[in-house]
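Close look at the chain arrangement
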Number of protein chains: 2
Amino acid sequence: MYRTHTCGELRISHKKQEVTLSGWIQRLRKLGGMTFIDLRDRYGITQLVVDEKAADDLKEKVSKLGREFVIQTTGIVLERESKNNKIPTGEIEIDIKSITVLNKAETPPFTIQTDTDGGDELRMKYRYLDLRREVVRDNLVLRSKMAIIIRNYLDSLDFIETETPVLMKSTPEGARDFVVPSRMNPGEFYALPQSPQVFKQLLMVAGFDKYYQIVKCFRDEDLRADRQPEFTQIDCEMSFVEQEDVLATFEGLARHLFKEVKGIDPGIFPRIPYAEAMDKYGSDKPDTRFDMLFNDITEIAKGKEFSIFNNSEYIVAICAKGASEYSRKQLDALTNYVKRPQIGAKGLVYVKYNTDGTFKSSIDKFYDQNDFENWAKQCNANAGDLLLILSGNKFETQEQMCQLRLEMGRQLELIDKNQFNPLWVTDFPLLEWDDETQRYYAMHHPFTAPKPEDIELLESNPGQVRANAYDLVINGVEIGGGSVRIFDSALQSKMFKLLGFTEEQANAQFGFLMNAFKYGAPPHAGIAFGFDRLVSLFAGLDSIRDVIAFPKNNTGRDVMNDAPSQISEEQLKELFLKIALPQKQS
Amino acid sequence: MYRTHTCGELRISHKKQEVTLSGWIQRLRKLGGMTFIDLRDRYGITQLVVDEKAADDLKEKVSKLGREFVIQTTGIVLERESKNNKIPTGEIEIDIKSITVLNKAETPPFTIQTDTDGGDELRMKYRYLDLRREVVRDNLVLRSKMAIIIRNYLDSLDFIETETPVLMKSTPEGARDFVVPSRMNPGEFYALPQSPQVFKQLLMVAGFDKYYQIVKCFRDEDLRADRQPEFTQIDCEMSFVEQEDVLATFEGLARHLFKEVKGIDPGIFPRIPYAEAMDKYGSDKPDTRFDMLFNDITEIAKGKEFSIFNNSEYIVAICAKGASEYSRKQLDALTNYVKRPQIGAKGLVYVKYNTDGTFKSSIDKFYDQNDFENWAKQCNANAGDLLLILSGNKFETQEQMCQLRLEMGRQLELIDKNQFNPLWVTDFPLLEWDDETQRYYAMHHPFTAPKPEDIELLESNPGQVRANAYDLVINGVEIGGGSVRIFDSALQSKMFKLLGFTEEQANAQFGFLMNAFKYGAPPHAGIAFGFDRLVSLFAGLDSIRDVIAFPKNNTGRDVMNDAPSQISEEQLKELFLKIALPQKQS
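Residues numbered from 1 in each chain as written. Chains lettered and ligands numbered in written order. Predicted model: local features only at pLDDT ≥ 70, side-chain atom pairs only at ≥ 80, totals over all residues. Heavy atoms only, no water.

Moving on, we get to the overall build of chain A. A tally of regular secondary structure across chain A gives 17 helices and 23 strands. Burial statistics for chain A: of 586 residues in total, 57% are counted as buried. Sequence separation of at least 24 residues holds for 65% of the intrachain contacts in chain A that already meet a minimum separation of 6. Accessible area of chain A: about 26000 Å², with a carbon and sulfur share of 46%. Where the 74 positive side-chain charges of chain A centre and where its 88 negative ones centre are 6 Å apart. (Helix = DSSP H or I, 4+ residues; strand = E, 2+ residues; numbered from the N terminus. Buried < 20%, exposed > 50% of the residue type's maximum accessible area, 1.4 Å probe, protein only. Contact = heavy atoms within 4.5 Å. Areas by Shrake-Rupley, 256 points an atom, 1.4 Å probe, with all protein chains shown as cover. Lys, Arg positive; Asp, Glu negative; His and termini not counted. Charge placed at Lys NZ, Arg CZ, Asp CG, Glu CD.)

Residue and element names in this part refer to chain A. Residue Pro564 is reached from Ala563 by a cis peptide bond, and omega for that bond is 0°. Mapped onto the fold, Pro564 is located in the loop between α16 (531–538) and α17 (569–574). Even without being glycine, Lys16 reaches a positive phi, approximately 80°. Here Lys16 is to be found in the segment before β1 (18–31). Positioned with a positive phi, Asp158 is a non-glycine residue whose angle comes to about 75°. Structurally, the position occupied by Asp158 is in the loop between α4 (134–156) and β6 (160–161). Since its relative accessible area comes to 40%, Asp158 is described here as partly exposed.

What follows deals with the packing of helix α5 (residues 197–205) of chain A against helix α15 (residues 503–517) of chain A. Residue and element names in this part refer to chain A. Here α5 crosses α15 at 10°, and the two axes come no closer than 10 Å. When the axis of α5 is compared with that of α15, the two are roughly parallel. Regarding α5 and α15, the two cross each other, and that crossing is left-handed. Contacts from Val198, Gln201, Leu202 and Val205 of α5 reach α15 at Phe512, Leu513, Ala516 and Phe517. (Axes fitted to C-alpha atoms, helices over the stretch in contact; angles between N-to-C directions. Parallel < 35°, antiparallel > 145°, perpendicular 65-115°, else oblique. Left-handed = near helix turned anticlockwise from the far one by under 90°.)

On to the relation of the copies chain B and chain A, then. Mapping chain B onto chain A calls for a screw motion: a turn of 180° about the axis and a shift of 0.0 Å along it, with 0.1 Å RMSD after fitting. This pairing of chains is accounted for by a two-fold axis. Residue by residue, 100% of the interface of chain B is reproduced at the interface of chain A, so both copies engage with the same surface. (Least-squares fit on C-alpha atoms with pLDDT ≥ 70 in both.)

Listed by partner, the interface residues are 123 residues for chain B and 123 residues for chain A. For the pair chain B and chain A, the summed buried surface comes to about 11100 Å²; carbon and sulfur atoms form 59% of the total. Considering only the surface of chain B that becomes buried against chain A, Glu163, Phe240 and Tyr519 of chain B emerge as the three largest contributors, covering 8% of it. Here chain B and chain A share 14 salt bridges between them. (Buried area = accessible area lost by both parts, 1.4 Å probe. Salt bridge = Lys/Arg side-chain N within 4 Å of Asp/Glu carboxyl O.)

Take the sheet that holds strand β15 (residues 359–361) of chain B next. Strands belonging to one sheet form pairs held by backbone hydrogen bonds; the direction of such a pair is parallel or antiparallel. Residue and element names in this part refer to chain B. The strand order across the open sheet built from five strands is β12-β13-β16-β14-β15, with neighbouring strands paired in antiparallel fashion. Edge positions in the open sheet fall to β12 (295–296) and β15, since each of these has one partner strand only. Judged from the four bridges that link them, strand β14 (residues 349–353) and strand β16 (residues 386–392) form a sheet pairing that is antiparallel. Looking at β16, one finds that Val349 is bridged to Ile389. (Pairing = 2+ DSSP bridges.)

On inspection of all chains with the given rule, the structure shows 87 salt bridges over all chains. Note that Glu574 of chain A and Arg176 of chain B form a salt bridge whose closest N and O atoms lie 2.9 Å from each other. Of this pair, Glu574 of chain A sits in helix α17 while Arg176 of chain B sits in the loop between β6 (160–161) and β7 (179–181), each in a different chain. The class for Arg176 of chain B is partly exposed, based on a relative accessible area of 27%. Note that Arg466 of chain B and Asp454 of chain B form a salt bridge whose closest N and O atoms lie 2.8 Å from each other.

Next up on the list: helix α10 (residues 328–339) of chain A. All names here are of chain A. Helix length check: α10 (12 residues) gives 16 Å between terminal C-alpha atoms against 16 Å at 1.5 Å per residue, within 8%. Along α10, the residues that are buried comprise Leu331, Leu334, Thr335, Tyr337 and Val338. Viewed end-on, α10 has its buried residues packed into an arc of 155°, placing them on one side of the element. Pointing more than 90 degrees away from the buried face of α10 are the exposed residues Arg328, Lys329 and Asn336. Those residues of α10 that are buried lie in contact with β14 (349–353), β16 (386–392) and α12 (394–411). (Expected span 1.5 Å × (residues − 1). Arc of directions from axis to C-beta.)

On inspection of all chains with the given rule, the structure shows 11 cavities of 30 Å³ or more. Space inside the largest cavity adds up to approximately 400 Å³. Contributing to the lining of the largest cavity are 25 residues, with Ile214, Val215 and Lys216 of chain A together with Ile214 and Val215 of chain B lying nearest its centre. Secondary-structure elements contributing two or more residues to the lining of the largest cavity are α4 and β9 (210–218) of chain A together with β9 (210–218) of chain B. For the lining of the largest cavity, the per-class residue count stands at 10 nonpolar, six polar and nine charged. (1 Å grid on protein atoms, 1.4 Å probe; cavity = no way out; pocket = protein on both sides within 12 Å on 5 of 7 lines; lining within 4 Å. Points joined across faces, edges and corners; volume = space filled by probe spheres on them. Nonpolar A, V, L, I, M, F, W, Y, C, P; charged D, E, K, R; others polar.)

All we've got here are geometric facts, nothing functional implied.
Set out below in structure tokens:
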């Protein structure tokens, strides 16, 4: 037996007991003739003491210990003289009688503590050491806790957890698949699932009624800041339901999580139609922890000599409360911020509503005090506020202003890190027009059902058709999304036609699912949540990387064990493959 | 709202209520002027009635319904005149007032009922229809139920569920990997995990203390009868534990499952050392639901004129109770059974212990009644029993007799399908000698720890060294296996040397894990269970295929959606690959 207790377990009530602990040496200190050892395991830290009067061989052993050594020790629980109220075991220490070194340790390349001296890259390479740090491990413990809470909640609602295949069929459209060559089927490939979409719809055809799975998905995309080639989805589907049933079910799940994990009740989730979200926040994933809503001043700002406004489709203002005293330097910095290529605005107009009631603006030349007062009124601005204005094409300008709004929220410290504002964005457009290819694309996917009241617009004005699609957004982050599916084959045919599929193409790509539908498909709807993102949100982290035990870097490499790697000629031959690397220029 | 209740929910207590149900039409019957409809969903079947006096348009609608149509219906709950006590809803029926056809259905290619008329291949192709059958769906519901029970049990013991990478590093030895070409790292490949072995050991180095995961694993093997290229493992690892802790923990899990799922307590699991299992059952996964133990009669059967026995290393007998009256034909069939190439015995010797106390044998020529009586005594045989005897090399003969014992258990109906006999097989040999390559191989894997008391044999007699390795066997099926791991680097080096690895080879293959161990590895041990097999055992099935929602066939194909398939030239080019199919002979 390696231990009678963990390092997080002993209290004053264990006083005088003989105990055996095992763990890692976090810290060694000598104080006079005494040695203090902080012994660490997953459950906590316990202080060990070797007294001056201890046996010589014990002292000898202790003198050879080092950081991160793994030891087993037996001793008596004592009450500490100077208690440490920062840790649960802070009232006691162990007067140790014997020590066994279970394993020595080389000095780790960075310190194993909350404020480590290790850089990102070093910590990725030695991820197994980084995971020893409490702050990192806590994220993974949270992940495990959230997973079991989610599972039990869905289980209690009669959802069947069903595993769908990882080796599946490659689909020609959509994001890029990872593929897996089949040795037994020469020249053919499996694909790894981007999502189990087809399978979960088949499970509805199969009468499973309620399905869920916490499942790995894969996308071979160029990895941006916070993407991983493999990620985890909470994937769900229900039969004989309408949109309202899905929202109620998963709002229930989310509220349950908030309650169990955070001890908070976020109340009924507001619902914001897509169009309203765009108008008010310039985003389909608005951060509603602060207001600073958009004010469309297009009508009232046009018609003077200022050609930039006159030539703009859309002029939008936000009111930064109490920011009228922003300095020249601060305003220049904001202008530079919106002109960054990632945001791409051409410039920024400001109007200071001075505390004395006068206005000062970067476009004083073209507008008078009355104009500004008019704008201020429209924006509910008061003396002391600052108006920030962008103009241009509507959609682009909304996106730019969305970024500026978030930046101002940060600068004015309006964003409470401990607040959670969940909401549903609903009524997404069914279709997106693509100028380049001159056709509509499904905004969600081709099985998304239009709102019944908009079906008549499908032929006359497809761009106006709203979908029974919904996203769960928390604090400006899209946590999940889903839709009611089309289960009527006539409507589905119409959709394919709209999306520019010939019957043949539709058959090649979706014929399989359509065939299944012929044998009696129930009305069904579903949703999928990004589990990595949900956990990172609950953990208060900006990146999903820290909630993944062994993440990959931006080029999809596992730097810890150096994957991917070359495989042998023999392996390639078995798979009927040859590598054809691009010729290097000489 | 599509339904007020499910089709499995209504009871006599709902009498006179108006209800709305949705589901599939299982059956339509006309009886006089009445029409009876069995409406089915996941939760059950409810009988609908359309009365003779119903409105014409309702009767018209009903006349157009067909099997597997999806309908919604509203009506009043009535007490049935002739109750059906075979189903929970058998006391009521619904007098329907309205019907909406949600979806029509083509006639399915086989009947959707327990005794279907569909063959294996047809049902695989239309798996989504096969899954509608209650017997098939029940297996998947059981799987879901067992998963959540397992998770909650391990969660309650502080195991952290941790997801390990699916895209990992290819390892040159072991079974064949499925590989995934990396677009971003030209010419390089990820591998899909055969098991998360390395990662779970790293998590122990990381101090996670207790890890589990229910996880897909992959093996690109030629698929035998009951293998799948992707399968699911319950993967676990613990730190600061000895073998006893692991066995206690997972015996607890298994007993909990038996109790929760089957309502039975199988008691303390017997433990059988490998050597004893081989001696008594000729198998490291003995089915102990019946005895018929092996009797080694080598010593007492040699030395007469029968050269086959005299030249045999090993002569083994089983006693088939009450089978002395087996006919010539039955005995010939048994002989043919053991001579089948899958078993490979050269012949079968029998000794009938007749009810009159005399013996009759196929080798009467060489042995007298005293000899047979001697053997019978050794085998605890009584008058009326039948001795069956095989001889040859020890290991092969044990395997052959194991098969014969199981066959006799079936023939004499000694195997109770409803009985569960779990046991631990322990003390496996650490190493296996391979004649062909003239070297030892690790029986489990190279990190398996030898039993401390056998370490001194490592150099003098490696083949005799027993490992701290263990299997959980239930009813003759290996359900799980694991081992205590080596965490001492000196011992690990010795193991690599024994296994014939040069230092370089050991480094190339395992250096990564060995490096991690340098920073303080705790003593640790683990186990993995085949989840598919565990569920199929609990479901009383012979094959794992029926507990997998979308299984593949023997050539690794998903015949339902025809995967794997070809991918485009463009995709291949992006992955820097060319296909090199073998030239066909012309």
